[in-house]
Each structure stands twice: as structure tokens, then as C-alpha cells.
Amino acid sequence: MKEIANYAGNKAKDAFDTIVSKTAEYSSELKQKSQEMQESMERQKEQLREERINNANNAVLNMFADPAEKEIATLGSGFMSNFLRTGSLEKGFCTLTEKRIYFKGSCYYKSGNDYKASKEERIVGIKDVTGTGFVEIRHWWLKLLALPFIILTIIFVCIAATEESAAPRRAQALPPLDTPLQAVSSILRLYFRLAG
């Protein structure tokens, strides 16, 4: 009976060892196949990305009317690099060559009270380009200079208002400023009127 038990125990042990070894083999095969599939997906992603970049590069190169033209400068180069990298265009960019200016992207035009967007491509000959500009002069230094004077004025008005509230009221030609807050608001209104 002992022999039968040993025999059964050995058979069970052999069966268990076989199951463990087969499970380990299958596990390593599954791991290897999973790794191969992941590498294959990465290669496909990279191929799609390179294809998008090549398409975008070809689109930019094909954008030039003359293949001999060379790019001099680009306005909106972040949008252009995004276009080259992803192949999609959300805003717009403008490229200058020695003969023409090329624009590709969103344009906004007024329709009634609203603005509407449209995707456009434009080519303008360099001879047709004229320069116009606006110069806005802001006297920021005046605002910076006025700031300490405003602070000092607020302090003096607050001191004067507290002294005035302690003293008895007299008849005045101008209406009195009852609170320091009214004085401060008057001064700030005057400041923004002058600075604006």
C-alpha cells in the first residue's frame, strides 16, 4: 500500500512539475509575443508619424510656386512646426521667400456683428507688398512716476480727513469730502482720466 501511495505521489508530483513547466513556457511565450506586439505597434506609430511629417514637408515644399525659391523667414513658426510635426493646422503661418509671401491658415472676417473663420491659402508677390503700421506711444513712465504721488496724496488726505473730523465744521465754498474713501476715489478717477 505504501508503494501505491509513493507511486501516486510521484505521479502527482510529475504531473504538477509538468503543469508548472508548461505554464512557465506559455508565460514566457505570451510575454515574448506581447513584447513583439508592443514593438510592432511602436514601429507602426513611428511610421505614421514619419509619414505625416513627410506629407507636411511635401505640402510646405509644394506650397512654393517656384521650386527654386528658398525660405527667408516665417511668421508663426510655432504653428508651422506644429503643422510639420503633426500634419494638422489650427491657426496659421506666413512664409517669406525672395519672390513671394505664402500664407496658410485661419482667416477671420467680419460678417454683421460677428467674426467668422475660414481656412485659406494665399500667395502674394513681393512687389505687391507695401508697408503700413501703427505706433502706439504709452507713457508708462508717467504712470510709474504718478504712483508714489498717489500713495502720498492718499496718506495726506486720510490724515487731513481724520483731523477735519476731530475739528468742528465750518462753512466751506466746496462740498466737503466726508470720508477718506471719497477723497481716494476722486483722486483715482482724476489719475485714470489723465493717464488714459
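Residues numbered from 1 in each chain as written. Predicted model: local features only at pLDDT ≥ 70, side-chain atom pairs only at ≥ 80, totals over all residues. Heavy atoms only, no water.

## Topic: the overall build of the protein chain
Filter applied, for reference: Numbering of helices and strands runs from the N terminus, with a helix taken as a DSSP run of H or I at least four residues long and a strand as a DSSP run of E at least two residues long. Relative accessibility under 20% of the residue-type maximum defines a buried residue, over 50% an exposed one, and the middle range a partly exposed one, all with a 1.4 Å probe and only protein chains included. Every residue pair with non-hydrogen atoms within 4.5 Å of one another is taken to be in contact. All accessible areas in this document rest on Shrake-Rupley with a 1.4 Å probe, and a residue is counted as covered only by the protein chains that are shown.
Counting its regular elements, the protein chain contains four helices and four strands. Walking the protein chain from its N terminus toward its C terminus, one meets helices and strands in the order α-β-α-β-β-β-α-α. With 196 residues in all, the protein chain has 14% of them scored as buried. By sequence separation, contacts in the protein chain at least 24 residues apart represent 44% of the contacts at least 6 residues apart. In the structure as shown, the protein chain presents an accessible area of about 16400 Å², 60% of it carried by carbon and sulfur atoms.

## Looking at the sheet that holds strand E2 (residues 92–97)
Short version of the rule: When DSSP finds two or more bridges between a pair of strands, those strands are recorded as paired. Axes, fitted as lines to C-alpha atoms, cover a helix only where it is in contact. Angles between the N-to-C directions of the axes lie from 0 to 180 degrees.
An order of E1-E2-E3-E4 is seen for the four strands of this open sheet, with the pairing classed as antiparallel. Because the sheet does not close on itself, it has two edges, and the strands there are strand E1 (71–75) and strand E4 (114–125). Across the sheet, the mean angle separating the axes of adjacent strands is 25° when strand polarity is ignored. Relative to E4, strand E3 (residues 100–111) runs antiparallel, the two sharing 12 bridges. By the bridge assignment for E4, isoleucine 101 is matched with valine 124.

## Re the packing of aromatic side chains
What counts here: Put simply, two rings from Phe, Tyr or Trp (the six-membered ring, in Trp's case) pair if the centres are within 6.5 Å, and we call them stacked under 30 degrees between planes, edge-to-face over 60, tilted for the rest.
Per the counting criterion, the structure on display carries one aromatic pair. Between phenylalanine 64 and tyrosine 102, the ring centres sit 5.1 Å apart and the planes meet at 50°, which makes this aromatic pair tilted. Highlighted residues: phenylalanine 64 in the loop between helix H1 (2–63) and E1 and tyrosine 102 in strand E3, separated in sequence by 38 residues. Each member of the pair phenylalanine 64 and tyrosine 102 is classed as buried.

## Some words on the side chain of glutamate 69
Under the convention used in this document: Polar contacts here mean pairs of N or O atoms no more than 3.5 Å apart (in protein, one a potential hydrogen donor and the other a potential acceptor; neighbouring residues in sequence count only if both atoms are side-chain atoms).
In this fold, glutamate 69 is placed in the loop between H1 and E1. By relative accessible area, which is 4% here, glutamate 69 ends up buried. A polar atom in the side chain of glutamate 69 sits 2.9 Å from the side chain of arginine 100. In this structure glutamate 69 touches Phe64, Thr97, Glu98, Lys99, Arg100 and Tyr102, once residues within four positions along its chain are discounted.

## Thoughts on the pattern of salt bridges
For the record, the criterion: Each reported salt bridge corresponds to a side-chain nitrogen of Lys or Arg within 4 Å of a carboxyl oxygen of Asp or Glu.
All chains considered together, the criterion is met by five salt bridges. A salt bridge links aspartate 66 to lysine 99; the nearest nitrogen and oxygen atoms lie 2.7 Å apart. With aspartate 66 in the loop between H1 and E1 and lysine 99 in the loop between E2 and E3, the pair connects residues that are 33 residues apart, well separated along the chain. Taking the relative accessible area as the measure of exposure, aspartate 66 reaches 21% and is therefore partly exposed. For lysine 99, a relative accessible area of 39% corresponds to the partly exposed category. A salt bridge links arginine 122 to glutamate 120; the nearest nitrogen and oxygen atoms lie 2.6 Å apart.

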